[in-house]
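So you can see what is in the structure, the chains are spelled out below.
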Amino acid sequence: MSEDIKAMMTKIGRRARDAAKVLAFAPAEAKEKALLAAADACWDRRAEIIAANEKDMAFGRDKGLSPAMMDRLMLDEDRIKGMCDGLRAVAGQADPVGEVLEEWDRPSGLHIKRVRTPLGVIGVIYESRPNVTADAGALCLKAGNAVILRGGSESFHSAGLIHACLQDGLRAADLPEDAIQRVPTRDRAAVSQMLTMTDYIDVIVPRGGKGLVGLVQREARVPVFAHLEGIVHVYIDKDADPDKTARVVMNAKTRRTGICGAAECLLIHKDAVALGQKVLDDLMAAGVEVHAGEGLTGTLAATEDDWGKEFLDSIIAARVVDDVDGAISHINRYSSSHTDAILTENDATAERFFTRLDSAILMRNASTQFADGGEFGMGAEIGIATGKMHARGPVGAAQLTSFKYLVEGDGTTRA
């Protein structure tokens, strides 16, 4: 590794640690002011952001990114407005820092409170989507954390402008600019360095494809909130409502094919094949390539490689299962524990699906594209954690905190 990269990352880490000490007790009003000012700056500078994004789009085309990945990368005025709305939504949320989670008295005379406290410094490594810069910066700041952002090479210019707007917000609120730092290089050595910075970074959040997350999990010495692939299943039960099913599956697959909540595999009860085939026909008519299992008609015949695959494109795999237990068995084998859904009017079947699967998000009669922190009322998300430690599902501001115990006595001694 270049000594220059190591020195640069060490300097960023030290500055982040110093900023985190200030943010830990920063007033809620200051953090709110910073985020509102950042939203205003992003909107005022939208033309600059779009111009920077055009450079990134050209880079992505030269790199041969798929249409779905290009869609992830693209920013237009509507998406910038959504990003600004997300910043304002996070600003308007209750400050999680200092929230009393639980309190109780002991016979010894002690009064004990468990309260939320910032994690410290968070490192976020992400690909493609430049809006993650705003989401991650906002949520970390709201939770009183400093953050080091390392965006993908393809979003380098867009992320730089968005980061500049976040720093405009910090200055407006008289908060340390080092609270939100961006790694100013495409050099991958910076990522490797981040993964070992145990003196400066308290947790790493990777947000991207299987290759990135696998690299982070293999090499990180810093704790990781893993955001794995979105291998998302939708199961059509024999008691599914045809109209709801048609609407939900079409939206789950086609609204945006390149996001982690997009449906990738359709499971169909053997007694609902006629309904399932109609849904597949509708998908093909909408331009979706269907990899169909036995008993179904599609664009191509499904192979073993199609199960457990995140296509991130206008492609879906489909197969027939005997019943809900067959669907559960398939999902348990191939799921990434991200999001899985059932379409049924049968409460008992839905309950069985919910209790026997352990994905971070389980849905009934709703599009999996709702697997999003903003749609959950969190304003934004830093990612969807698919592990089981600390944070799980959409990671908002509250999930970016730990806790500490505050213990009060009155000259109390222990016998």
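Residues numbered from 1 in each chain as written. Predicted model: local features only at pLDDT ≥ 70, side-chain atom pairs only at ≥ 80, totals over all residues. Heavy atoms only, no water.

Engineer: Would you take a moment to explain the layout of surface pockets for this structure?
Structural biologist: Space left empty within the atom packing is revealed by a probe, the size of a water molecule, rolled over the atoms. If you add up the space inside the largest pocket, you get close to 700 Å³. Only α5 (77-92) and α6 (131-142) provide two or more residues apiece to the lining of the largest pocket. No other element matches the seven residues that α5 contributes to the lining of the largest pocket. Its residues assigned to classes, the lining of the largest pocket comprises nine nonpolar, nine polar and 12 charged. There is about 320 Å³ of room inside the second largest pocket. Lining the second largest pocket are 19 residues, and of these Glu 127, Arg 150, Gly 152, Arg 188 and Leu 212 sit closest to its centre. (1 Å grid on protein atoms, 1.4 Å probe; cavity = no way out; pocket = protein on both sides within 12 Å on 5 of 7 lines; lining within 4 Å. Points joined across faces, edges and corners; volume = space filled by probe spheres on them. Helix = DSSP H or I, 4+ residues; strand = E, 2+ residues; numbered from the N terminus. Nonpolar A, V, L, I, M, F, W, Y, C, P; charged D, E, K, R; others polar.)

Engineer: What is the right way to look at unusual backbone geometry in this model?
Structural biologist: Among all residues except glycine, the phi angle is most often negative; among peptide bonds, the trans geometry is most common. Positive phi outside glycine occurs at Leu 312, with the angle close to 50°. Within the fold, Leu 312 resides in the loop between β10 (300-301) and β11 (315-321). Residues other than glycine seldom take positive phi values, yet Ser 337 does so here, at roughly 65°. In this fold, Ser 337 is placed in the loop between α12 (324-334) and β12 (339-343).

Engineer: Is there a simple way to explain the sheet that holds β10 in this structure?
Structural biologist: Across a sheet, strands are paired by hydrogen bonds formed along the backbone, either parallel or antiparallel in direction. Here we have seven strands laid out as an open sheet, ordered β10-β9-β11-β8-β7-β12-β13, and parallel in their pairing. Two strands lie at the open edges of the sheet, namely β10 and β13 (361-364), each paired on one side alone. Sheet analysis places strand β7 (residues 232-236) next to β12, joined by four bridges and oriented parallel. When the sheet's bridge partners are listed, Ile 236 is paired in β12 with Leu 343. Strands β7, β8 (263-269), β11 and β12 of the sheet are contacted by helix α10 (residues 242-254), whose axis makes an angle of about 155° with β8. Relative to β8, helix α11 (residues 273-285) is tilted by about 155°, and along the sheet it contacts β7, β8, β9 (289-292) and β11. (Pairing = 2+ DSSP bridges. Contact = heavy atoms within 4.5 Å. Axes fitted to C-alpha atoms, helices over the stretch in contact; angles between N-to-C directions.)

Engineer: Help me out: how do you make sense of empty space enclosed by the protein in this one?
Structural biologist: Applying the stated criterion across every chain, the model contains three cavities of 30 Å³ or more. There is about 130 Å³ of room inside the largest cavity. Lining the largest cavity we find 14 residues, and of these Arg 72, Arg 207, Gly 208, His 227 and Cys 260 sit closest to its centre. In the lining of the largest cavity, the residues fall into four nonpolar, four polar and six charged. Reported here for the second largest cavity is a volume of approximately 50 Å³. Forming the boundary of the second largest cavity are Arg 150, Gly 151, Gly 152, Phe 156, Ala 159, Arg 182, Val 183, Thr 185 and Arg 186. When the residues that make up the lining of the second largest cavity are grouped by side-chain class, the tally is three nonpolar, three polar and three charged.

Engineer: I would appreciate a short explanation of the sheet that holds strand β6 (residues 203-207) in the present structure.
Structural biologist: Spatially, the four strands line up as an open sheet ordered β5-β4-β3-β6, and their pairing is parallel. Whereas interior strands pair on both sides, the edge strands pair on one side only; in this sheet they are β5 (180-182) and β6. Taken pair by pair, the neighbouring strands of this sheet meet at an average axis angle of 20°, ignoring direction. The pairing of strand β4 (residues 146-150) with β5 spans three bridges and is classified as parallel. Along β5, the bridge assignment pairs Ile 148 with Gln 181. Sheet strands touched by helix α1 (residues 3-23): β3 (121-126), β4 and β5. Its angle to β4, the strand with the most contacts, is close to 145°. Against the sheet, helix α9 (residues 210-219) engages β3 and β6, with an angle of about 160° to β6.

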